[in-house]
Amino acid sequence: MADVAATAAGRRWRKPPLIKNANLRWGLYIGAAVYFILASYSILVEVNWQRVYEGLPRGAKFVGGFFPPFPFANIIETGGFEELAAQRLIDIGDGLIESLTMTVTSTVIGILISVPIGLGAARNIAPMPVYLLCRGIIAISRSFQEVIIAIFFVAMFGFGPFAGMLTLSFATIGFLSKLLAEDIESMDPGQAEAIRATGSRWPQWINYGVQPQVMPRLIGLSLYRLDINFRESSVVGIVGAGGIGSTLLTAFDRYEYSTAATILLIIIGIVFFAEYSSGKIRARLQ
Amino acid sequence: MPVRVEAEVKVWQRRDRNKQLAIWGGWFAGVLLFVFCWQIISGNTTWFFVWDSPRIAADIASRMVPPRWEYIYKIWDPLWDTINIATLGTVLALCMAVPVAFLAARNTTPSAYIVRPVALFIIVASRSINSLIWALLLVSIIGPGVFAGTIAIALRSIGFCSKLLYEAIEEIDHTQVEAIEATGASRWQIMAYGIVPQIMPAFAGISVFRWDINIRESTVLGLVGAGGIGLQLSSSLNILAWPQVTLILIAILATVLVSEWVSAKVRHAII
């Protein structure tokens, strides 16, 4: 080895760099440095530090809203439960129910639509025109944020959870179809061929040759998507598509930081629970 | 193997009766839940608007074409802001995510009973609150602008990056760490020479992947006042300037596709 001679001459060993090509490495370093100076400058020059300073007490108030969360804080402050506080709790409950129902329906509808699209987007079982069409649908659904889609659906279907449900279903298609299609493309062709050799028709072929191979992963992905849909259902409300997001937006608009903190804690709790249980179910399935 | 006797002939079945019933019950409960949820949704929906929607959709579509191409001179700036929000947000997030990941990984955490749960809570809290909600919060605390958006993206990304990173740390090959340990290295040297080189490819992959997601998310932050192209989008929507909306959507689509291509290329080069 050439290195040995150099080491023998007394050179210190150094860690090998991540990027081997020295020109590329230094080019990347310098480019990154220039970009960061430019980008940081263009961001920091706009900051109104006076405003930031004024906002800090508000931030402290928000953080204070977590300890203790609003229903308990209200009881401690007033010694009892006011009517207004009860009304707020009802609002939170309504938003939560809307979010949860939206999550369930949108996941079910999303799965129902994304299975055929996923089949169509798998290169090994779909003809070229169908493949391109389905890939196009997936690309559109994946590139736009849920909120942008929600704006359009709210404009079309009016305010309320229906628009939110459609948004989440649409977003589910991009996620689930893409991963399902990739799974089908990487399946074992031997099994599918064996079914075909028995003289099966196309639906039978899909049902007995393809479906058993991708089913465990499809169930796992659906559970994961259920999680994501709940998380997303908390934001589509910001543009008027129902759910806990609209309750949260109202709380922020009224500067009711303790209510907002309660809602956030509830969201964190539900997400944690959902993630934990879906992880357990997925571990059992796979 | 479950076998049913029918007219003295044994018939093979895939499942025995109890299992069959359990599966049927599961489906029944699922359908029941769906119908129940559907009822609630449909109760909160104004169906008149829904039936009217094809007409409205056609109306919006006819207003949206052709896009107003001259407007593109006004969206270069917000686009630059959007990319900055995503990039600097990712960098900030990574700075905070690395320590959290080391504290959360089972094999590097200083204490599994006190520090690890705290780190895990940080991860869950950051992951479960959407960047738009973080932005909503930060806009009301530090005022509207790009800065709030950057912090929002950073706070949201900590969880994602730390989660993937700590999983990578837990999966490292322990013999390499032991080899460094055997040379009498200190705690930090073990980290720098035993652990870091092993997780470096994962780290690079995660950061590029999250950057790609952040580009997508930073396009909407403007809707709550946190800067970027979303600000332009929401003002165009507010004045019903649909041709401008089309152009902005095209710009977003192009940015997202480019970032996805870059991230795929980089990840391909790393792995």
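Residues numbered from 1 in each chain as written. Chains lettered and ligands numbered in written order. Predicted model: local features only at pLDDT ≥ 70, side-chain atom pairs only at ≥ 80, totals over all residues. Heavy atoms only, no water.

### Section: the overall build of chain A
Tallying secondary structure elements over chain A gives 12 helices and 0 strands in all. Order of helices (α) and strands (β) in chain A, N terminus to C terminus: α-α-α-α-α-α-α-α-α-α-α-α. In chain A, buried positions account for 45% of the 286 residues. A fraction of 71% describes how many contacts in chain A between residues 6 or more apart in sequence connect residues 24 or more apart. In the form shown here, chain A has an accessible surface area of approximately 15300 Å², with 67% of it arising from carbon and sulfur atoms. (Helix = DSSP H or I, 4+ residues; strand = E, 2+ residues; numbered from the N terminus. Buried < 20%, exposed > 50% of the residue type's maximum accessible area, 1.4 Å probe, protein only. Contact = heavy atoms within 4.5 Å. Areas by Shrake-Rupley, 256 points an atom, 1.4 Å probe, with all protein chains shown as cover.)

### Details of the pattern of salt bridges
Summed over all chains, the structure comprises 18 salt bridges over all chains. A salt bridge links Glu167(B) to Lys163(B); the shortest N-O distance between them is 3.5 Å. Taken together, the residues span about one helical turn, with Glu167(B) and Lys163(B) both in helix H6 (residues 146–170) at a distance of 4 residues. Owing to a relative accessible area of 30%, Glu167(B) belongs among the partly exposed residues under this scheme. A network of salt bridges, in which partner residues are shared, links Arg142(A), Asp212(B), Arg216(B) and Glu260(B). (Salt bridge = Lys/Arg side-chain N within 4 Å of Asp/Glu carboxyl O.)

### Focus on the interface of chain A and chain B
Chain A puts 60 residues into the contact, and the matching count from chain B is 62 residues. Both sides of the chain A and chain B interface together cover about 5400 Å² of buried area, and 77% of this is carbon and sulfur. Between Arg142(A) and Glu260(B) there is a salt bridge whose closest N-O contact spans 3.2 Å. On inspection of chain A and its partner chain B, the count reaches 10 residue pairs in polar contact (both at pLDDT 80 or more). Classifying every residue of the side of chain A that touches chain B gives 41 nonpolar, 10 polar and 9 charged. (Buried area = accessible area lost by both parts, 1.4 Å probe. Polar contact = N/O pair within 3.5 Å; in protein donor to acceptor, adjacent residues only side chain to side chain. Nonpolar A, V, L, I, M, F, W, Y, C, P; charged D, E, K, R; others polar.)

### Section: the nonpolar core
Side chains of nonpolar character tend, in soluble globular proteins, to be buried together. Judged by nonpolar contacts, the single largest core of 83 residues is most densely connected at Ile148(A), Phe152(A), Leu132(B), Val245(B) and Leu249(B). Core analysis: the next-biggest nonpolar cluster, separate from the first, contains 23 residues, Leu94(B), Phe102(B), Ile190(B) and Ile199(B) among them. (Core = buried A, V, L, I, M, F, W, Y, C linked by side-chain atoms within 4.5 Å.)

### As for the pairing of strand E2 (residues 9–12) of chain B
Regular strands place side chains that alternate from one sheet face to the opposite one. Residue and element names in this part refer to chain B. Bridge analysis of strand E1 (residues 3–6) against E2 gives 4 bridges, and the strand direction is antiparallel. Directly across from Arg4, in E2, lies its bridge partner Val11. The antiparallel pairing of E1 with E2 creates a hairpin that spans 2 residues between the two strands, and Ala7 there sits at a positive phi of about 55°. (Pairing = 2+ DSSP bridges.)

### Overview of helix H8 (residues 187–218) of chain B
Compared with the 46 Å implied by 1.5 Å per residue over 32 residues, the 39 Å span of H8(B) between its first and last C-alpha is markedly short. Of all the bends found along H8(B), the most pronounced is centred on Val196(B) and spans about 55°, while Pro197(B), a proline, follows it within four residues. (Expected span 1.5 Å × (residues − 1). Bend = angle between axes of the 7 residues up to and from the residue.)

### Some thoughts on the environment of Trp205(A)
All names here are of chain A. Considering the arrangement of structural elements, one finds Trp205 in helix H10 (residues 202–233). For the pair Trp205 and Ser169, spaced 36 residues apart in the sequence, the C-alpha separation amounts to 28 Å. Not counting residues within four places of it along the chain, the set of residues in contact with Trp205 comprises Ile125, Ala192, Ile195, Arg196, Ser200 and Val210. In this structure the side chain of Trp205 is engaged in a polar contact, spanning 2.9 Å, whose partner is the backbone oxygen of Ala192.

### Details of the domain arrangement of chain B
A common way to report how large an interface is uses the accessible area buried once the components associate. The domain architecture assigned to chain B consists of domain 1 (3–51) and domain 2 (75–270). For domain 1 of chain B and domain 2 of chain B, the distance between their C-alpha centres works out to 41 Å. (Domains from an automatic or database assignment.)

### Observations regarding the packing of helix H11 (residues 244–253) of chain A against helix H12 (residues 257–285) of chain A
The packing of two helices is summarised by the inter-axis angle and the distance between the axes. Residue and element names in this part refer to chain A. One can describe the packing of H11 onto H12 by two numbers: an axis separation of 8 Å at closest approach and a directional angle of 155°. With respect to H12, the element H11 is oriented roughly antiparallel. Seen along the crossing, H11 lies across H12 with a hand that is left-handed. Across from Ile244, Thr247, Leu248, Ala251 and Phe252 in H11, the residues of H12 making contact are Tyr257, Thr259, Ala260, Ile263, Leu264 and Ile267. In terms of residue class, the contact of H11 with H12 is made up of 9 nonpolar, 2 polar and no charged. (Axes fitted to C-alpha atoms, helices over the stretch in contact; angles between N-to-C directions. Parallel < 35°, antiparallel > 145°, perpendicular 65-115°, else oblique. Left-handed = near helix turned anticlockwise from the far one by under 90°.)

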